[in-house]
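Geometric and topological summary
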Amino acid sequence: MQLRTLIALGALALSGAAFAQTKWDLPTAYPATNFHTVNITQFAKEVGEASGGKLAITVHPGASLFKAPEIKRAVQGNQAQAGEILLVNFQNEWQPFGLDGIPFLADSYDAARKLYAAQKPALQKKLGEQGMMLLYAVAWPPQGIYSKTPLNSAADLKGSKWRAYSPATSRIAELVGAQAVTVQAAELSQALATGVVESTMTSGATGVDSKLFEHLKFYYDTQAWLPKNAVIVNKRAFDALDKATQDAVLKAAAAAEERGWAASQRVNTDTLATLRANGMTVQPPSAALKSDMQKVGAVLLKEWLDKAGPEGQAIVDAYKKM
């Protein structure tokens, strides 16, 4: 009897060892209700199910674990095994990170997918050099201009307190004569309430998340660019998984990418309707405003190519051939 008990306990211990659970943290800067976060949460759930519970990913929304600018470094240093970043935030580190933040380079979902295809090999290589992997990337809805006052041309933005969240949005402020104020998504509502921000360029989704309609009354649907959020993983953490679990992660990531792009398009339609329903004037830009912003885009592309050099030029050339 005693021997049987020992054998049973031994089998139980072996069973427990065989199914030891690996735990990952995945921080994101956006609210739990944001479509990116909803998509990530489903990704984490699918990984858990497909791996038979061997890998459990805990999603930390709303900058609750790390703030937006800290997430990439946290993943690189394995403080968090995976994380979501806004690529344009890291343009100063490596120019191609900011390519999808150049106004009017890719101004539709179809164009944005082509730009991603041209950019992806270089992204994968760079992240690999930094000890990370790209799991998937999803575009935000097209970016438009929010303002407290009507805008007939870029001259109407002069002196406005402009919320910047990336090098490109800071440079746009300079070019139109606005006053750049760096504010991350999690702090935007407070900045609006206290008058720190009077205008910004962002998506309809962020407009709804941050209730911009409570403080800003005009939205100009310029469809200027579709910046991407990327979900990245620490390479050592990924390599430590068994092959079946790695496959589960990659399969769930591929599904999340397709699901995320489709959700982005739905969100774009829905959020513009929500902005209107909450009293915001939503309209296309005037011919003068669009022309002014296209000139800004041309300046930013030239400056970007000057800094990015042959590597950047090769990506843009590949994109233009698609």
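Please refer to the structure higher up on the page.
The following refers to the structure shown. (Residues numbered from 1 in each chain as written. Predicted model: local features only at pLDDT ≥ 70, side-chain atom pairs only at ≥ 80, totals over all residues. Heavy atoms only, no water.)

1. Description of the sheet that holds strand S8 (residues 199–203)
Pairing is mixed across the open sheet formed by 6 strands, whose spatial order is S7-S6-S8-S5-S9-S11. Either end of the sheet is taken by a strand with one partner, and the two such strands are strand S7 (179–182) and strand S11 (281–283). Recorded for the sheet is a direction-independent mean angle of 30° between the axes of neighbouring strands. Alignment of strand S5 (residues 143–147) against strand S9 (residues 218–220), held across 3 bridges, turns out to be antiparallel. The partner of Ser147 across the bridge, within S9, is Phe218. Across the sheet, helix H5 (residues 167–176) is in contact with strand S6 (161–164), S7 and S8; its angle to S6 comes to roughly 160°. (Pairing = 2+ DSSP bridges. Helix = DSSP H or I, 4+ residues; strand = E, 2+ residues; numbered from the N terminus. Axes fitted to C-alpha atoms, helices over the stretch in contact; angles between N-to-C directions. Contact = heavy atoms within 4.5 Å.)

2. Some points on the packing of helix H4 (residues 109–129) against helix H10 (residues 287–320)
Across the interface, H4 lies against H10 with an axial gap of 9 Å and an inter-helix angle of 140°. The orientation of H4 relative to H10 falls into the category oblique. In this structure, the crossing between H4 and H10 has a hand that is right-handed. Note on element contacts: H10 touches H4 through Ile315, Ala318 and Tyr319, opposite Ala111, Lys114, Leu115, Ala118, Gln119 and Ala122. (Parallel < 35°, antiparallel > 145°, perpendicular 65-115°, else oblique. Left-handed = near helix turned anticlockwise from the far one by under 90°.)

3. Points about the sheet that holds strand S3 (residues 82–86)
What the 3 strands build is an open sheet, ordered S3-S10-S4; its pairing is antiparallel. Of all strands in the sheet, those with a lone pairing partner are S3 and strand S4 (132–139), marking the two edges. Strand-to-strand twist of the sheet, defined as the mean angle between neighbouring strand axes without regard to direction, takes the value 25°. Bridge analysis of S4 against strand S10 (residues 228–234) gives 7 bridges, and the strand direction is antiparallel. Looking at S10, one finds that Ala137 is bridged to Ala230.

4. Remarks on the pairing of S8
In terms of burial, S8 is a largely internal element, 5 of the 5 residues being buried. Relative to S8, S5 runs antiparallel, the two being bridged by 5 bridges. Within S8, the position partnered with Gly144 by the bridge is Thr202. Strand direction decides the pairing type here: S6 and S8, joined by 2 bridges, are parallel. Bridging from a neighbouring strand, Trp162 pairs with Ser199 of S8. (Buried < 20%, exposed > 50% of the residue type's maximum accessible area, 1.4 Å probe, protein only.)

All quantities given are derived from atomic positions and should not be read as evidence of function.
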